[in-house]
Amino acid sequence: MPEQPYESDRAIAGTGAGGAMDLAASEAQTLEKIPGGPEGTGPAGKPRSLWSDAWRDLRRNPVFLVSALVILFLVFISLWPSAIAPGSPLKCQLSKAQDGPGPGAPFGYDGQGCNVYTRTVYGARTSVTVGVCATLGVALLGSVLGGLAGFFGGVWDSLLSRTTDIFFAIPVVLGGLVLLSVVTSNTVWPVIGFMVLLGWPQISRIARGSVITAQQNDYVQAARALGASNSRILLRHIAPNAVAPVIVVATIALGTYIALEATLSYLGVGLKPPSVSWGIDISAASPYIRNAPHALLWPSGALAVTVLAFIMLGDAVRDALDPKLR
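Here the structure is a predicted model, which is why all the values come from computation and not from measurement.

J.: Sorry, what's going on with the overall build of the chain here?
T.: Within the chain, the secondary structure is distributed over 12 helices and 2 strands. Listing every helix and strand of the chain by position from the N terminus yields β-β-α-α-α-α-α-α-α-α-α-α-α-α. Across the 326 residues that make up the chain, the buried fraction comes to 39%. Summarising the internal contacts of the chain: among those between residues at least 6 apart in sequence, 66% fall at separations of at least 24. Carbon and sulfur atoms provide 66% of the accessible area of the chain, an area that totals close to 18,300 Å².

J.: Help me understand unusual backbone geometry in this model?
T.: Peptide bonds are mostly trans, and most non-glycine residues show a negative phi. Cis geometry marks the peptide bond from Pro273 to Pro274, where omega comes out at 10 degrees. Its place among the elements puts Pro274 in the loop between α10 (244-267) and α11 (278-285). Positive phi is not limited to glycine here, since Gln98 has a value of about 65 degrees. Residue placement: Gln98 occurs in the loop between α3 (62-79) and α4 (116-152).

J.: Where do I start with the state of the cysteines in this structure?
T.: Every disulfide links exactly two cysteines, by a covalent bond between their sulfur atoms. Scanning the model with the defined rule gives 1 disulfide in all. Here Cys92 engages in a disulfide with Cys114; their sulfurs sit 1.7 Å apart. A torsion of 75 degrees about the S-S bond marks the disulfide between Cys92 and Cys114 as right-handed. Taken together, the residues span a long stretch of sequence, with Cys92 in the loop between α3 and α4 and Cys114 in the loop between α3 and α4 at a distance of 22 residues. Note on Cys92: relative accessible area 33%, which makes it partly exposed.

J.: Can you walk me through the packing of aromatic side chains in this structure?
T.: Taken as a whole, this structure holds 6 aromatic pairs when the rule is applied. Ring centres of Phe76 and Trp80 lie 5.6 Å apart, and the angle between their planes is 50 degrees; this geometry places the pair in the tilted category. Grouping aromatic residues by their ring pairs yields a cluster made of Phe107, Tyr117 and Trp298.

J.: I tried to follow the packing of α4 against helix α5 (residues 154-168) on my own but got confused; where do I start?
T.: Each pair of packed helices can be described by the angle between their axes along with the distance between the axes. Between α4 and α5, whose axes approach to 7 Å, the crossing angle comes to 140 degrees. Overall, the two elements α4 and α5 adopt an arrangement that is oblique. Considering only the axes of α4 and α5, their crossing is left-handed. On α5, the residues touching Leu145, Gly146, Ala149 and Phe152 of α4 are Gly154, Trp156, Asp157 and Leu160. Taken together, the residues of the contact of α4 with α5 break down into 5 nonpolar, 2 polar and 1 charged.

J.: Can you help me understand the nonpolar core in this one?
T.: Burial of nonpolar side chains together is a common tendency in soluble globular proteins. Ranked by size, the top nonpolar core spans 36 residues in total, and within it Phe64, Ile258, Leu303 and Leu321 carry the most contacts. Broken down by secondary-structure element, the contributors of at least two residues to this core are α2 (50-59), α3, α4, α10, α11 and α12 (294-321). Ranked by residues supplied to this core, first place goes to α12 with 12 residues. Those residues in contact with Ile258, other than ones at most four positions away along the chain, are Ser127, Gly131, Leu303, Thr306, Val307 and Phe310. Ranked by size, the runner-up nonpolar core spans 26 residues in total, among them Ala134, Leu180, Ile192 and Val196.

J.: Before we go on, may I ask you to explain the pattern of salt bridges in this structure?
T.: Pairing between side chains of opposite charge can happen when their charged atoms approach one another. Applying the stated criterion to the full structure yields 8 salt bridges. We note a salt bridge from Asp281 to Arg119, for which the minimum N-O separation is 2.9 Å. With Asp281 in helix α11 and Arg119 in helix α4, this pair connects stretches of sequence that are 162 residues apart. In this structure Asp281 comes out as buried when scored by relative accessible area, which is 11%. Judged by its relative accessible area of 9%, Arg119 falls in the buried class. Here Asp319 and Arg318 are joined by a salt bridge, their closest N and O atoms 3.3 Å apart. According to the relative accessible area criterion, Arg318 is partly exposed, its value standing at 39%.

J.: I'm lost on helix α7 (residues 189-215) in this one. Help?
T.: An ideal rise of 1.5 Å per residue puts 39 Å on 27 residues; α7 measures up with 37 Å between its terminal C-alpha atoms. Largest kink in α7: about 40 degrees, centred on Gly199, with the proline Pro201 one to four residues after it.

J.: Whenever I open this one, the packing of helix α8 (residues 218-225) against helix α9 (residues 230-242) confuses me. Can you help?
T.: Orientation of α8 relative to α9, taken along the N-to-C sense of each, is 180 degrees, at an axis distance of 11 Å. Of the possible angle classes, the one that applies to α8 and α9 is roughly antiparallel. Between α8 and α9, the contacting residues are Tyr219, Val220, Ala223 and Arg224 on the first element and Ile233, His237, Ile238 and Asn241 on the second. Considered class by class, the residues forming the contact of α8 with α9 number 5 nonpolar, 2 polar and 1 charged.

J.: Please clarify how the environment of Tyr266 should be interpreted in this entry.
T.: One can find Tyr266 in helix α10. Overall, the relative accessible area of 39% leaves Tyr266 in the partly exposed class. Spatially, the C-alpha atoms of Tyr266 and Ser277 are 9.2 Å apart, while their sequence positions differ by 11 residues. Residues within four places of Tyr266 in sequence aside, it is in contact with Gly279, Ile282, Ser283 and Ser286.

Cut-off values and rules
- Residues numbered from 1 in each chain as written.
- Predicted model: local features only at pLDDT ≥ 70, side-chain atom pairs only at ≥ 80, totals over all residues.
- Heavy atoms only, no water.
- Helix = DSSP H or I, 4+ residues; strand = E, 2+ residues; numbered from the N terminus.
- Buried < 20%, exposed > 50% of the residue type's maximum accessible area, 1.4 Å probe, protein only.
- Contact = heavy atoms within 4.5 Å.
- Areas by Shrake-Rupley, 256 points an atom, 1.4 Å probe, with all protein chains shown as cover.
- Disulfide = S-S within 2.5 Å.
- Phe/Tyr/Trp six-rings, centres within 6.5 Å; stacked < 30°, edge-to-face > 60°.
- Axes fitted to C-alpha atoms, helices over the stretch in contact; angles between N-to-C directions.
- Parallel < 35°, antiparallel > 145°, perpendicular 65-115°, else oblique.
- Left-handed = near helix turned anticlockwise from the far one by under 90°.
- Nonpolar A, V, L, I, M, F, W, Y, C, P; charged D, E, K, R; others polar.
- Core = buried A, V, L, I, M, F, W, Y, C linked by side-chain atoms within 4.5 Å.
- Salt bridge = Lys/Arg side-chain N within 4 Å of Asp/Glu carboxyl O.
- Expected span 1.5 Å × (residues − 1).
- Bend = angle between axes of the 7 residues up to and from the residue.

In structure tokens, the structure reads:
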């Protein structure tokens, strides 16, 4: 049978059974123009990335929407607390100590006569600041150390593994009681520094494992075979594909850091008066729980809702970035 000449305006498209079929160029172009394209493609037949798929799933997830709205509200009152809570959180009237809700004080007054509503609103600023700054510091330090150790391996990887084991052996609360008890500063930065110091090992292990897994992909081997430098391979090929687990763990850990700050402030080694913190208010209201339970209820409830919102956000992001759930 004579051999058929090759026609440049024809294309070969694979079938689902492993064979092939002829597809005219005009038909192929028409297929590319179909809005949305086949499964797993975007407009004009372009393949969707992991991040675009994740964003599409997050927009349809009610858990993500609710938690995101709560977090946006917390960020708003952290930046502009006076917008919804007029007055100073440090202005107290002993004559109204332990009084219940009243005009201008919907949450009542605490044991010192301070407006619980105002202090609860202003306390969000401290919690959000500590949580965000500690998470950024932990994610940055842990990602750099873990990523470099996983990429180069050898003695640096062994040294990092043994160092993280040492830090994992330190109890967080006990470490805070020891380290922060000698700090005289009344700002949030010693607390943030302590969280970064003891929090980076967890992120470093996640980043190390993600980098080691990403190094085994074919596109990384191809880039190395083509002579790409280590910095280019690490920044252009490995980092974008290894950062997803770090983002998930950091988002969930943010709520944990907020709870840790409140715990340390409750124990008297974190923030101290006259700073405004939910942990300080919970500690001050504990002796009056029978006479003025409202002074304990509102800051505790605000802390619980905040931590829950960040944990729910982290769970939603994890589900969206996990390819196994697709």
